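# Results of the structural survey
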Amino acid sequence: MTASDLAAQTAARATPATVPGPASGPAVRIAAVGDIHMGEESRGILRPAYETLADCADVLLLAGDLTRHGTADEAQVVADEIAGLPVPVVAVLGNHDHHGDCPEEIAAILTAGGATVLEGTSAVVQAGPHRLGIAGTKGFGGGFAGRCGSDFGEAEMKSFIRYSRGLADGLRGALAEVADCDVGWRSPISRRSPTPWPASPWRSTRFWAATCSPRPSTTPAPTWRCTGTPTRARSGG
Ligand SMILES: [Fe+2]
């Protein structure tokens, strides 16, 4: 989806996700978007919608693939879009953001724009009246426990799976960090879906998430919600 497509969709249905609050309390309002794939010609497209966020959301989560080819110029477009927003912005990168082989620079530019960029790390932000704990990772392919590849055989396969497990372990650690925080609400964020979609055939999930990915939706704490975006198994992602 291009940024202009997203802008059109946003105008049509600007309804952020809402995490229900406790029975006696208010909700946390989460605006979450990924795959915006911004380039130079996208400049300014999303800004009008972002500037209204405070009216309808307490936090903005950016779930990766924020640029097209992972260049610094594209990252600067994203940073300019989110600069000075009235709500906290928390982001993870996606595979497109790694394509230019400078993910650290991409993350630094987004950070300078005001985003908190997570990779196997966590953050606690003030989301309206709530303290919201967020754990994030880019994620990778490999599938889910029971439906995944293994680090056996060719060096390339072992490298693939071990990288994926490393990211999954990072998310697991970040989730544990946030679980120990004194926060009212918690949310994971990932470029790749942290949980399989029940209706999806397993063959299409091998390039989702990460091998042995933790499954936040099944953790005991009732306040976990998934905000990651499933990735269809197609070239480019
Ligand atoms: Fe994408």
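None of these values were measured; they are calculated from a predicted model.

### So, the overall build of the protein
Counting its regular elements, the protein contains 6 helices and 10 strands. When burial is assessed residue by residue, the protein has 45% of its 237 residues classed as buried. Considering only contacts within the protein whose residues lie at least 6 apart along the sequence, 77% involve residues at least 24 apart.

### So, the pairing of strand β3 (residues 59–63)
Where burial is concerned, most of β3 is hidden: 5 out of the 5 residues are buried. A two-sided burial pattern is seen for β3, the buried positions comprising Val-59, Leu-61 and Ala-63 on one face and Leu-60 and Leu-62 on the other. Inspection of the sheet shows strand β2 (residues 28–33) paired to β3 by 4 bridges, in the parallel sense. Residue Ala-32 lies in a different strand from β3, and its bridge partner there is Leu-61. Pairing of β3 with strand β4 (residues 89–92), which is carried by 4 bridges, proceeds in the parallel orientation. When the sheet's bridge partners are listed, Ala-63 is paired in β4 with Val-92. Note on the crossover from β3 through helix α3 (residues 72–82) to β4: the handedness is right-handed.

### Side note on helix α6 (residues 155–179)
Compared with the 36 Å implied by 1.5 Å per residue over 25 residues, the 36 Å span of α6 between its first and last C-alpha is a close match. Looking only at α6, the buried set comprises Ile-161, Ser-164, Leu-167, Ala-168, Gly-170, Leu-171, Ala-174, Leu-175 and Val-178. Contact partners of the buried residues in α6: β6 (121–127), β7 (130–137) and β10 (185–190).

### As for helix α5 (residues 103–112)
Those residues of α5 that fall on the buried side of the exposure criterion are Ile-106, Ala-107, Ile-109 and Leu-110. Within α5, the buried residues cover an arc of 160° as seen down the axis, which keeps them to one side. Turned more than 90 degrees off the buried face of α5, the exposed positions are Glu-104 and Ala-112. On the buried face of α5, the contacting elements are α3, β4, α4 (95–98) and β5 (115–117).

### Brief notes about the sheet that holds β6
To summarise the sheet geometry, strands pair through backbone hydrogen bonds and adopt either a parallel or an antiparallel arrangement. Taken in spatial order, the 3 strands of this open sheet run β6-β7-β10, and their pairing is mixed. Each edge of the open sheet is held by one strand with a lone partner, namely β6 and β10. Averaged over all pairs of adjacent strands, the angle between their axes in this sheet comes to 25°, without regard to strand direction. Relative to β10, β7 runs parallel, the two sharing 6 bridges. Counterpart to Ala-135 in the pairing with β10 is Pro-188. Along the sheet, α6 makes contact with β6, β7 and β10, crossing β7 at roughly 165°.

### With respect to the pairing of β4
Covered by surrounding structure in β4 are Val-89 and Ala-91 together with Val-90 and Val-92, the residues of both alternating faces. Here 3 bridges tie β4 to β5, and the two strands are oriented parallel to one another. When the sheet's bridge partners are listed, Val-90 is paired in β5 with Thr-116.

### Describing the nonpolar core
Core analysis: the largest hydrophobic core is formed by 49 residues, its most contacted members being Val-59, Leu-60, Leu-61, Leu-62, Val-90, Ala-91 and Leu-110. For this core, the element with the highest residue contribution is α6, accounting for 6 residues. The contacts of Leu-62, once residues within four sequence positions are left out, are Val-33, Gly-34, Val-89, Ala-91 and Ala-115.

Criteria and cut-off values
Residues numbered from 1 in each chain as written. Predicted model: local features only at pLDDT ≥ 70, side-chain atom pairs only at ≥ 80, totals over all residues. Helix = DSSP H or I, 4+ residues; strand = E, 2+ residues; numbered from the N terminus. Buried ≥ 20, exposed ≤ 12 C-beta atoms within 10 Å, placed from the backbone. Contact = placed C-beta atoms within 7 Å. Pairing = 2+ DSSP bridges. Right-handed = clockwise from strand over helix to strand, strands pointing away. Expected span 1.5 Å × (residues − 1). Arc of directions from axis to C-beta. Axes fitted to C-alpha atoms, helices over the stretch in contact; angles between N-to-C directions. Core = buried A, V, L, I, M, F, W, Y, C linked by C-beta atoms within 7 Å.

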